[in-house]
Every structure is written in C-alpha cells, then in structure tokens.
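# Breakdown of the fold
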Amino acid sequence: MDAETMASSEASLARSTARSAEIEQSISTDPSRFRMLTGDRPTGNLHIGHWFGSLENRVRLANAGVETFLVIADYQVITDRDGVGPLRERVHSLLADYVAAGLDPEKVTIFTHSSVPALNQLMLPFLSLVTDAELRRNPTVKTELDDTGERPMSGLLLTYPVHQSADILFCKANVVPVGKDQLPHLEQARVVARRFDERYGRSVPERPVFPQPEALLSRSGTILGLDGAKMSKSRNNTIELGMSEDETAKLLKRAVTDSDRHITYDPMNRPEVSNLVNLAALCLDRSPEDVAAELGDAGGGGLKKLVTEAVNERFAGHRARRAEIVADPGHLAAILADGNARAGAVADDTLDEVRRAMNMDY
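Residues numbered from 1 in each chain as written. Predicted model: local features only at pLDDT ≥ 70, side-chain atom pairs only at ≥ 80, totals over all residues. Heavy atoms only, no water.

### Description of the pairing of strand 2 (residues 67-72)
Every other side chain in a regular strand lies on the same face of the sheet, so the side chains alternate between the two faces. As a reminder, the rule being used: Residue burial is assigned from relative accessible area. The probe radius is 1.4 Å, only protein chains are included, and a residue is buried under 20% of its type maximum, exposed over 50%, and partly exposed in between. For helices the rule is a DSSP run of H or I covering at least 4 residues; for strands it is a run of E covering at least 2, with both sets numbered from the N terminus onward. Strands are treated as partners if at least two bridges between them are detected by DSSP.
Counting buried positions along strand 2 gives five out of six residues, so the element sits mostly inside the fold. Of the pairings in the sheet, the one linking strand 1 (residues 35-40) to strand 2 comprises six bridges and is parallel in character. Counted as the bridge partner of Met 36 is Thr 68 from strand 2. Note: strand 2 against strand 3 (residues 109-112), four bridges, orientation parallel. Looking across to strand 3, one finds that Leu 70 is bridged to Ile 110.

### Some points on the pattern of salt bridges
Side chains that differ in charge, positive against negative, can pair when their charged atoms come close. Rules: Salt bridge, as used here: a side-chain nitrogen of Lys or Arg that lies within 4 Å of a carboxyl oxygen of Asp or Glu.
Under the criterion given, the structure shown has 16 salt bridges. Between Glu 24 and Arg 60 there is a salt bridge, and its shortest N-O distance comes to 2.8 Å. Remark: Arg 60 occurs in helix 2 (residues 48-64) and Glu 24 occurs in helix 1 (residues 3-29); sequence separation between them is 36 residues. Given the relative accessible area of 19%, Glu 24 is considered buried. Put simply, Arg 19, Glu 22 and Glu 214 are held in one network by salt bridges that share partners.

### Some thoughts on the nonpolar core
Here is the rule: To define a nonpolar core, start from buried Ala, Val, Leu, Ile, Met, Phe, Trp, Tyr and Cys residues and group those joined through side-chain atoms within 4.5 Å. Should any heavy atoms of two residues lie within 4.5 Å, those residues are considered in contact.
Residues Leu 55, Tyr 98, Leu 103, Leu 303, Val 307 and Phe 315 are the most contacted members of the largest nonpolar core, which totals 51 residues. Counting residues per element, this core draws most heavily on helix 3 (residues 87-101), at eight residues. With residues near it in sequence (within four places) discarded, Leu 103 still touches Leu 55, Arg 58, Val 59, Ala 62, Leu 70, Tyr 98 and Val 108. If you look at the next biggest cluster of nonpolar residues, it comprises 40 residues, including Val 130, Leu 158, Val 209 and Ala 357.

### Things to note about a nonpolar patch on the surface
Under the convention used in this document: Only residues whose relative accessible area exceeds 30% and that form no salt bridge are eligible for patches; like-charged ones are grouped when within 9 Å, while nonpolar side chains (Val, Leu, Ile, Met, Phe, Trp, Tyr) are grouped when within 5 Å. For the area figures, the Shrake-Rupley method with a 1.4 Å probe applies, and any residue is considered shielded solely by the protein chains shown.
Nonpolar side chains collect at one region of the surface, where Tyr 75, Ile 78 and Val 84 lie side by side and expose about 230 Å² of accessible area between them. Mapped onto the elements of the fold, Tyr 75 is located in the loop between strand 2 and helix 3. Classification of Tyr 75 as partly exposed rests on a relative accessible area of 36%.

### Considering a negative patch on the surface
We apply this condition: By the counting rule applied here, Lys and Arg register as positive and Asp and Glu as negative, while His and the ends of each chain are not counted. Charge positions are represented by NZ for Lys, CZ for Arg, CG for Asp and CD for Glu.
Together, Asp 348, Asp 349, Asp 352 and Asp 361 make up a negatively charged patch on the protein surface. Within the element layout of this structure, Asp 361 appears in the segment after helix 16 (329-357).

### So, the packing of aromatic side chains
As a reminder, the rule being used: Any Phe, Tyr or Trp ring, taking Trp's six-membered ring, that has another such ring centre within 6.5 Å forms a pair; planes under 30 degrees apart are called stacked, those over 60 apart edge-to-face, and the others tilted.
Using the criterion set out here, one finds seven aromatic pairs in the structure. Note on Phe 126 and Phe 210: the rings are 5.6 Å apart at their centroids and 75° apart in plane angle, and the pair reads as edge-to-face. Of the two residues, Phe 126 sits in helix 5 (residues 123-127) while Phe 210 sits in the loop between helix 10 (183-200) and strand 5 (214-217), which places them 84 residues apart along the sequence. Owing to a relative accessible area of 2%, Phe 210 belongs among the buried residues under this scheme. Aromatic pair Phe 196 and Phe 210: ring centres 5.4 Å apart, planes at 75°, arrangement edge-to-face. Of this pair, Phe 196 sits in helix 10 while Phe 210 sits in the loop between helix 10 and strand 5; the two residues are 14 residues apart in sequence, bridging distant segments of the chain.

### Overview of the packing of helix 12 (residues 271-284) against helix 14 (residues 299-314)
The condition that has to hold: For helices, the fitted axis covers only the stretch in contact; all axes are lines through C-alpha atoms, and the angles between them, taken along N-to-C directions, range from 0 to 180 degrees. The crossing is said to be left-handed when, going from far helix to near helix, the turn is anticlockwise and less than a right angle, and right-handed when the turn is clockwise. Charged means Asp, Glu, Lys or Arg here, nonpolar means Ala, Val, Leu, Ile, Met, Phe, Trp, Tyr, Cys or Pro, and polar covers whatever is left, Gly included.
At a closest axis distance of 9 Å, the pairing of helix 12 and helix 14 adopts a crossing angle of 35°. In this structure, helix 12 meets helix 14 at a crossing whose hand is left-handed. Facing Val 273, Leu 276, Val 277, Leu 279, Ala 280, Leu 282, Cys 283 and Leu 284 of helix 12, the residues of helix 14 in contact are Leu 303, Lys 304, Leu 306, Val 307, Ala 310, Val 311 and Arg 314. Among the residues forming the contact of helix 12 with helix 14, the class breakdown is 13 nonpolar, no polar and two charged.

### Brief notes about helix 12
Under the convention used in this document: Helix span is expected to be 1.5 Å times the residue number reduced by one.
Over its 14 residues, helix 12 extends 20 Å from the first C-alpha to the last, a length consistent with the 20 Å expected when each residue adds 1.5 Å. Looking at the packing, one finds that the buried side of helix 12 touches helix 2, helix 11 (245-253), helix 13 (288-295) and helix 14. Phi for Asp 285, located one or two positions after helix 12, is positive at around 55°.

That is the geometry; function is a separate question.
Rendered as structure tokens:
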C-alpha cells in the first residue's frame, strides 16, 4: 500500500470512528431510531473472541432498545467449503450461546439464511448493480479467497459481499456492528442501496427504498488466538464459550508467551504476552496496563494462571445457562422457527417493495 492510499484509508477510518461515536450517542438518547443487523457463520462454536468482539456488544445494544436482527448465515458456510458439516449442531450451538449471553428471542429476531427465501431473492436485482471487477477488488472477497488455500473461486464466494448486502438491506438495518476490517463489506451494502434507489427509486426521491447502513465499530479490537495468530475457528486456537473450566485451563497452558519473566503490556514488541494480558483485563474489567503491573515478575506461568482464573470466573454464569439451554433442543427449534417466521415476513414486505419499484408487481 503506497503512502497516498494509506493516508486515504486512515482518513476513512477516522471518519468512520467519529461517526460511530455519534451513533452511539444517538442510541443513548433514542434507540428506537435504529435497527441493527448482525450475525455469524455456523462454521464452528463461538469463542471468547466472538464474545468480546461482538456478542457482548450485541447484548448491550439490544438491551438498550435497538431493534435487532441476528442472522445465522448457513448459506455462507458453503462459500469456501465442499460441504456443510454438522450444521444442525452448529446452528443450535450458536443459538444457545446467543440466548445464554442475554439475547431475548422474544425481542431479537434470530433466523437462518436458508429459511428466508425472499432475502435470498434480493440477490438477483442486487447483483445487477455491481460489476465483476468491483467484486474481485473487494477486500472481503480477497481475504476469504486467501483463506481457502488458493482453490478456485466459487460464484458464491465472488458474490459474498452482495449476499451480505442482502442480509443488511432486507430488514432495512441502518446500523451494523463491525470491526474496522469489515468496513469494506458494509460499504458494499451502502453502494447497493444507493444504486438501487438511483436506478429504481427516482419516483419517490424523498423516500428511498433502502437506508444507508452505518458502522458501529467494535471497541475491543482483535483478540489473538492461543498460538499468537488471529483467533479463528479454522485455526483451532480458540477457547470456546461452552468449554469447561478444565478444558480452558488445558488450552491456556499451551498458549504462546516468551522468555522474559517481567510481564508488560507492549502489543507491538510482545504481542503474545500482551494478548493474554489484554484477555485477563477484559475478563476482569480492568486496564491491561494495571494487570501487567500487578503481575510484575510472575512470568508466563503466573500470567496463564491469572488468565485461566479470570476467564473461568467471567464465563461461569454463561456456561451454566448454556448447559440448561442445550439440554432442551425442542426449545431451541421453537425459538428458531419463530425467528424465521418473523424475518420471513419482513423479507416478504421488502421484496414486494423492491418489485414495485422495479415495475415487476404484476
């Protein structure tokens, strides 16, 4: 990346950060103005990176009164995979974590892609609004392709950002919680919304069909995995939310540190140690600098002991609630059926509006 591009990227991030702060302030004043879309691919169980990166924030916003739609993106599992794996179990696992975390299924609409046909039908008009070159330049597509090990790109992977646009726009979400690395896929949704209204919504310019969705930036940053790389289900370097205390302790014993016994918080020069310090700090609701200062010369062993205790204490309640929820699969199925029906009704209304705008309401 050249200097000019980097400067432009930094300026764009600064604008997004400032706007995110403004939206947060507006939510605290009048949450009823906002509708949020967020979600996960059911490629594995949720882990503590998901908790601090998104799940905790979703609960906060939903409890504040922001209308929330949460997609379990089952169709997106096959963007880069030959099969779906134990999909039912993974969908129920995600759902159990959502409810255990405090997302009330009577207030939050939780649904799966494959159960909302009208959402997916929006892909056809949306695909007409973007070019092949734009999709191939999309950072989300490039990142996902890199993760596939250079296998040939499927059509679904190429159009992945457009499917994400359909997720956001079917319910006319105007806010989307994202990390800074996800801003490009949100920008794709903004482009689709704008182009649709430019092409088909000119008869009512004062009332666009779709809002321009905006980013609510995550405040926790990236949490590294136990091997020092980005925490990822595919890397097998995570601590899952549903793991037991003993499983957590065993995993943290093999976490990467370094040979310096004096613990400091220095993400640039000591990323692995600093990651563990930050994880303890997040669990304890303290600053990482304070945690590092308290540990002093405790070394890697002392750091891992503190992190293990902090993680197990922080998630004890969640794990207990989750175990009760998982024990009743019929209840999970009922929650999903209700959420699918509610999302389907919203998607049908949006598709009807799109067809009218396109003069296809025969």
